Amino acid sequence: MENSTQIKSFVLAMYGNMGPLKYLYFTVALLFYISVILANTVLIVIIYVDRNLHEPMYIFLCNLFVNEIYGSTSLLPCLMHQVLLDTHEIPVHFCFLQIFNIHTYVAVEFGTLTIMAYDRYICICKPLHYNAIITKQIVLKVILIIWIVSFVEVGVLLSFTIRLKRCGTVIHKVFCAHHLVVELSCSPDRTVSLIHDLVFGLFFTVAIPVTYISFTYVKILAVCLKGSKETKVKAVDTCTPHLVSLISFVFACFYNLISQRFASVPYPLCVVFSMYIVIVQPLQNPIMYGLKLSKIRHACKHLLTLKSLQLYIFLQRIYILAFTRDYLQNPECGSGEDGMACQQS
């Protein structure tokens with residue numbers, strides 16, 4: 001028992017022996033990570049640059065995109081590093097840091113999706129009161145509260161787990177999962193950590209937000225059934241990406257909860273779905289919102305057109321400056337055939 005507290009690293013056993021294929025897996029993971037960073041960063045920049053998008057809904061979206069980058073960064077760099085290793089060991093403190101990052105990513109994601117559902121509910125069901133209820137100041141305060149509460153909640157959870165004595169080192173997953181780390185403990189008081197994981201992790205972070213979001217969509221559906229065609233189109237355009245994102249994220253979370261506690265899942269399927277929450281979700285959201293929301297599409301086209309025009313003007317100025325410099329150095333060179341002759345000489 002005395003040696004149980006001296007464990008300095010865990011082994012992520014799900015990687016196995018990949019042989020020469022590890023370089024292929026590394027390249028694929030790197031491409032996914034770059035895609036996630038680029039897709040989310042582009043939309044963040046578009047929302048920041050275009051003043052027409054400085055509205056509550058797009059500020060929430062900006063926060064969602066920031067969280068997608070945060071979530072991918074919590075796993076993919078470590079995964080790429082582990083793929084190239086032969087032992088697949090991860091230091092204990094890095095393992096707990098990864099658990100903290102992934103749990104806060106999930107908490108912020110559910111918090112943001114919940115407040116976005118409330119935003120859509122007020123916009124569609126109480127449009128006349130929208131500007132009075134949802135202001136920029138309130139939006140920024142709510143976003144700050146979501147991040148603070150998520151960090152505190154996960155910090156309290158890990159404060160129980162870190163103190164547990166550990167007797168095992170093998171984690172059967174591609175990343176550090178809180179439940180599996182607790183199972184490696186030989187402490188009799190690990191029940192507290194499991195209860196906190198269940199109550200705060202599952203109930204407050206997942207169950208309550210999903211229940212509230214379902215309630216808001218029932219209200220929105222009721223208004224749409226009685227409303228005009230314009231109301232229905234507005235609801236479909238703004239709510240479809242949010243609903244798809246929510247269903248996708250809930251599926252990924254519940255799969256991870258069930259697979260690591262109750263079910264025996266085939267190895268390839270386990271690896272793929274374990275990565276789903278930090279690869280597919282962060283890549284799906286910016287693509288889906290960017291294609292579906294007309295304001296973001298128009299802002300993206302406007303920005304690309306503006307940058308293309310600025311690049312054209314810049315190149316034109318360079319050409320004029322170069323031509324002027326050559327003319328001043330060779331004033332006897334004129335235009336036409338004489339100019340061509342000077343250039344050839």
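Chemist: Any details on a nonpolar patch on the surface? Residues and values, ideally.
Modeler: Judged by side-chain polarity, Leu 21, Leu 24, Tyr 25, Val 28 and Phe 32 come together as a nonpolar surface patch covering roughly 430 Å² of accessible area. Relative to the helices and strands, Phe 32 resides in helix 1 (residues 21–49).

Chemist: I'd like a rundown of the side chain of His 88, residues and numbers included.
Modeler: Here His 88 is to be found in the loop between helix 3 (76–84) and strand 2 (89–91). Relative accessible area serves as the criterion here: at 6%, His 88 is assigned to the buried category. Within the local environment of His 88, its side chain forms a polar contact with the backbone oxygen of Gln 82, the two atoms lying 2.9 Å apart. Beyond its immediate chain neighbours, meaning those up to four positions away, His 88 contacts Phe 10, Val 11, Leu 12, Tyr 15, Gly 16, Met 18, Gln 82 and Val 83.

Chemist: Lay out the packing of aromatic side chains with the relevant residues and their values.
Modeler: Per the counting criterion, the structure on display carries ten aromatic pairs. Look at Phe 251 and Tyr 276: their rings are 6.0 Å apart centre to centre, the planes differ by 85 degrees, and that puts the pair in the edge-to-face class. Taken together, the residues Phe 251 in helix 9 (residues 229–259) and Tyr 276 in helix 10 (residues 267–292) connect sequence positions 25 residues apart. Aromatic ring contacts, followed pair by pair, group Tyr 70, Phe 100, Trp 147 and Phe 151 into a single cluster.

Chemist: Quick rundown of the sheet that holds strand 2? Include the residues and the values.
Modeler: Pairing in this open sheet of three strands is mixed, and the strands run 2-1-3 from one edge to the other. For this open sheet the edge positions go to strand 2 and strand 3 (170–171), each flanked by a neighbour on one side alone. As judged from the three bridges shared by strand 1 (residues 9–12) and strand 2, these two strands associate in the antiparallel manner. Of the residues in strand 2, the one forming a bridge with Phe 10 is Ile 90.

Chemist: Just give me the short version of the state of the cysteines, but keep the residues and values in it.
Modeler: Within the structure shown, the criterion is met by one disulfide. Cys 224 provides the cysteine sulfur closest to Cys 125, a residue in no disulfide bond, and the two sulfurs are 7.4 Å apart. Classification of Cys 125 as partly exposed rests on a relative accessible area of 21%.

Chemist: Could you give me a rundown of the packing of helix 2 (residues 56–73) against helix 6 (residues 136–162), with the residues and numbers involved?
Modeler: Close contact between helix 2 and helix 6 brings their axes to 9 Å; oriented N to C, the two are set at 25 degrees. As summarised for this structure, helix 2 and helix 6 are arranged roughly parallel, according to the angle between their axes. For the element pair helix 2 and helix 6, the recorded crossing hand is right-handed. Side by side, helix 2 and helix 6 meet where Pro 56, Ile 59, Phe 60, Asn 63, Asn 67 and Tyr 70 of the first sit next to Lys 136, Val 139, Leu 140, Ile 143, Trp 147 and Phe 151 of the second. Taken together, the residues of the contact of helix 2 with helix 6 break down into nine nonpolar, two polar and one charged.

Chemist: I'd like a description of the pattern of salt bridges, backed by residues and values.
Modeler: Following the criterion strictly, the structure yields two salt bridges and no others. Between Glu 55 and Lys 295 there is a salt bridge, with the nearest N and O atoms lying 2.8 Å from each other. In this pair, Glu 55 sits in the loop between helix 1 and helix 2 while Lys 295 sits in helix 11 (residues 294–329), placing the two residues 240 residues apart along the sequence. Overall, Glu 55 belongs to the partly exposed group, its relative accessible area being 31%. Classification of Lys 295 by relative accessible area gives partly exposed; the value is 36%. Residue Asp 119 is joined to Arg 120 by a salt bridge in which the shortest nitrogen-to-oxygen separation is 2.7 Å. On the basis of relative accessibility, which here comes to 6%, the residue Arg 120 falls in the buried class.

Chemist: Describe the environment of Tyr 212, and please don't skip the residues or the numbers.
Modeler: Within the secondary structure layout, Tyr 212 lies in helix 8 (residues 191–226). Using a relative accessible area of 30% as the deciding quantity, one classes Tyr 212 as partly exposed. Tyr 212 sits 97 residues away from Ile 115 along the chain, and the two C-alpha atoms are 9.7 Å apart. Sequence-distant contacts of Tyr 212, defined by excluding residues within four places in its chain, comprise Thr 114 and Tyr 118.

Chemist: Give me the lowdown on the nonpolar core, citing residues and values where you can.
Modeler: Ranked by internal contacts, the top residues of the largest apolar core, which has 87 residues, are Leu 61 and Ile 171. If one sorts the elements of this core by residue count, helix 4 (residues 92–125) sits on top with 18 residues. Discounting residues that sit within four places of it in the chain, Leu 61 has contacts with Ile 47, Met 116, Tyr 289, Leu 293 and Ile 296.

Analysis parameters
- Along each chain, residue indices are assigned from 1 in the same order as the chain's sequence is written.
- Only residues with pLDDT of at least 70 are given local features in this predicted model, and only at 80 or more are side-chain atom pairs given and counted; all residues enter the totals for whole chains, interfaces and linings.
- Derived side-chain values reflect all non-hydrogen atoms in the structure, with water molecules and hydrogen atoms excluded from consideration.
- The patch calculation keeps residues exceeding 30% relative accessible area without a salt bridge and links them within 9 Å when they carry like charges or within 5 Å when they are nonpolar (Val, Leu, Ile, Met, Phe, Trp, Tyr).
- Accessible surface area values rest on a Shrake-Rupley calculation with a 1.4 Å probe, where residue burial reflects the displayed protein chains alone.
- Any Lys or Arg side-chain nitrogen located within 4 Å of an Asp or Glu carboxyl oxygen qualifies as a salt bridge.
- Every helix listed is a DSSP run of H or I at least four residues long, and every strand listed is a run of E at least two residues long, numbered separately from the N terminus.
- Any residue under 20% of the maximum accessible area for its type is buried, any over 50% is exposed, and the rest in between are partly exposed; the area is computed with a 1.4 Å probe on protein chains only.
- In the analysis that follows, any N or O atom pair within 3.5 Å is treated as a polar contact, provided that within protein one partner can donate a hydrogen and the other can accept it, and provided that, for residues neighboring in sequence, both atoms belong to side chains.
- Every residue pair with non-hydrogen atoms within 4.5 Å of one another is taken to be in contact.
- Planes of paired rings set the category: under 30 degrees apart is stacked, over 60 is edge-to-face and the rest tilted, where pairs are Phe, Tyr or Trp rings (Trp by its six-membered ring) whose centres lie within 6.5 Å.
- Following DSSP output, two strands are said to pair if at least two bridges run between them.
- Sulfur atoms of two cysteines make up a disulfide when they are within 2.5 Å.
- Interaxial angle, 0 to 180 degrees, is taken between N-to-C directions of lines fitted to C-alpha atoms, where a helix line uses only the stretch in contact.
- These descriptions rest on fixed angle ranges, namely under 35 degrees for roughly parallel, over 145 for roughly antiparallel, 65 to 115 for roughly perpendicular, and the rest for oblique.
- In this scheme the handedness of a crossing depends on how the near helix is turned from the far one: anticlockwise by less than a right angle means left-handed, clockwise means right-handed.
- Residue polarity is assigned by list, with Asp, Glu, Lys and Arg as charged and Ala, Val, Leu, Ile, Met, Phe, Trp, Tyr, Cys and Pro as nonpolar; anything else, Gly included, falls into the polar class.
- Here, nonpolar core means buried Ala, Val, Leu, Ile, Met, Phe, Trp, Tyr and Cys residues that are tied together by side-chain atoms lying within 4.5 Å of each other.

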